[in-house]
Amino acid sequence: MARTRSEQAAWRREQLLDAALRVFADKGVDGATVKDVAQAAGVTPGLLYRYFDSKEAMVETLLSERGFLPRLRELRAEHHDARPATEVLTELLEAFDRLLTEHAELMVVFFSATQARAPLATLVGEGQRLIGDFLTERVAAGELRAHDTATAARTLFATVAVNRRMGTPIDIAALVGLLFAEEG
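Being a predicted model, the structure only gives us computed values, none of them experimental. (Residues numbered from 1 in each chain as written. Predicted model: local features only at pLDDT ≥ 70, side-chain atom pairs only at ≥ 80, totals over all residues. Heavy atoms only, no water.)

*Asks:* Help me out: how do you make sense of the overall build of the protein in this one?
*Replies:* Within the protein, the regular secondary structure consists of 10 helices and zero strands. Secondary structure of the protein in N-to-C order comes out as α-α-α-α-α-α-α-α-α-α. Referenced to the eigenvectors of the C-alpha coordinate spread, the extents of the protein come out at roughly 65 × 35 × 25 Å. Residues classed as buried in the protein amount to 39% of the 184 residues present. Here the protein has roughly 9800 Å² of accessible surface; of this, 54% comes from carbon and sulfur atoms. (Helix = DSSP H or I, 4+ residues; strand = E, 2+ residues; numbered from the N terminus. Buried < 20%, exposed > 50% of the residue type's maximum accessible area, 1.4 Å probe, protein only. Areas by Shrake-Rupley, 256 points an atom, 1.4 Å probe, with all protein chains shown as cover.)

*Asks:* How do you make sense of helix α4 (residues 55–66) when you look at a structure like this?
*Replies:* An α-helix turns once every 3.6 residues. As a result, residues three or four positions apart point the same way. Here α4 spans 16 Å end to end across 12 residues, near enough to the 16 Å set by a 1.5 Å rise per residue. Listed in full, the buried residues belonging to α4 are Lys-55, Met-58, Val-59, Thr-61, Leu-62 and Leu-63. One side-chain oxygen at the N-terminal end of α4 lies 3.4 Å from the backbone nitrogen of Glu-56; it belongs to Ser-54. (Expected span 1.5 Å × (residues − 1). Polar contact = N/O pair within 3.5 Å; in protein donor to acceptor, adjacent residues only side chain to side chain.)

*Asks:* How should the packing of aromatic side chains be read in this particular structure?
*Replies:* Centre-to-centre distance and the angle between the planes together describe a pair of aromatic rings. Scanning the model with the defined rule gives one aromatic pair in all. Judged by centre distance (4.9 Å) and plane angle (80°), the rings of Phe-96 and Phe-157 are edge-to-face. Taken as a pair, Phe-96 in helix α6 (residues 85–102) and Phe-157 in helix α9 (residues 149–166) lie far apart in primary sequence, 61 residues in all. Across the pair, exposure class does not vary: Phe-96 and Phe-157 are buried alike. (Phe/Tyr/Trp six-rings, centres within 6.5 Å; stacked < 30°, edge-to-face > 60°.)

*Asks:* Which parts of the structure should I look at to understand the pattern of salt bridges?
*Replies:* Pairing of side chains with opposite charge becomes possible as their charged atoms draw close. The tally for this structure, following the rule as stated, stands at 11 salt bridges. Across the salt bridge formed by Arg-73 and Glu-126, the nearest N and O atoms sit 2.9 Å from each other. In this pair, Arg-73 is assigned in helix α5 (residues 69–78) and Glu-126 in helix α8 (residues 117–140), connecting sequence segments 53 residues apart. The class for Arg-73 is partly exposed, based on a relative accessible area of 38%. Residues Arg-164 and Asp-97 are paired through a salt bridge, measuring 3.0 Å at the closest nitrogen-oxygen approach. Here the residue Arg-164 occupies a position in helix α9, and Asp-97 occupies one in helix α6, the gap between them amounting to 67 residues. By sharing partners, the salt bridges in this structure join Arg-13, Glu-14, Asp-18, Glu-65 and Arg-66 into a single network. (Salt bridge = Lys/Arg side-chain N within 4 Å of Asp/Glu carboxyl O.)

*Asks:* I would appreciate a short explanation of the confidence of the model for the protein in the present structure.
*Replies:* Keep in mind that low pLDDT regions are not for reading the predicted coordinates in detail. Scored by pLDDT, the protein has a mean of 84; 91% of the residues are at 70 or more. Per-element mean pLDDT across the protein ranges from 73 in helix α7 (residues 104–112) up to 96 in helix α2 (residues 34–41). (pLDDT = per-residue confidence, 0-100.)

*Asks:* So what exactly am I meant to see when it comes to the packing of α9 against helix α10 (residues 172–180) here?
*Replies:* When two helices pack together, their arrangement is given by the angle between the helix axes and by the axis-to-axis distance. The N-to-C vectors of α9 and α10 enclose an angle of 155°; their axes lie 11 Å apart at closest approach. When the axes of α9 and α10 are compared, the pair comes out roughly antiparallel. As for the relative orientation of α9 and α10, their crossing is right-handed in sense. Contacts between α9 and α10 involve Ala-152, Leu-156, Thr-159 and Val-160 on the former and, on the latter, Ile-172, Leu-175, Val-176, Leu-179 and Phe-180. Residue composition of the contact of α9 with α10, by class: eight nonpolar, one polar and no charged. (Axes fitted to C-alpha atoms, helices over the stretch in contact; angles between N-to-C directions. Parallel < 35°, antiparallel > 145°, perpendicular 65-115°, else oblique. Left-handed = near helix turned anticlockwise from the far one by under 90°. Contact = heavy atoms within 4.5 Å. Nonpolar A, V, L, I, M, F, W, Y, C, P; charged D, E, K, R; others polar.)

Structure follows, in structure tokens:
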């Protein structure tokens, strides 16, 4: 069965993103050009510009669509249940760590994208806000002690990301336990 025009466009867009991811992971975002991406995809740069306004738009799309944020939104929506916050956080951070492991090329793109820092900051900020909001809700419910939830969210994400980037194993359950242990 032949693809419809919109199915063909969606397929082509994914093909271009696949090529961009390969090129950015190989050359780094700053070292790669739109021409490199087009060549890897077997298309002209003009066709690539029909789908993306710039190289930075490709980076932002890769990270927003293939990164952890879509899955974090899903996981966050699923966790309005009565499970302990530390269990939920451990699960969320383990999913984040798995994504970083399974999609190591996204890590390369993220850490090499100096020209697209503003969009990246927005994506990271949303992820941290989602976790911070979860922590705030659990503090309000009396499950966690009062603390700076924004800093806790940044600490959790940064610790997992940096350890994954460095190839250092991390016990996420222990990290969550340490961060949220009762004072005493």
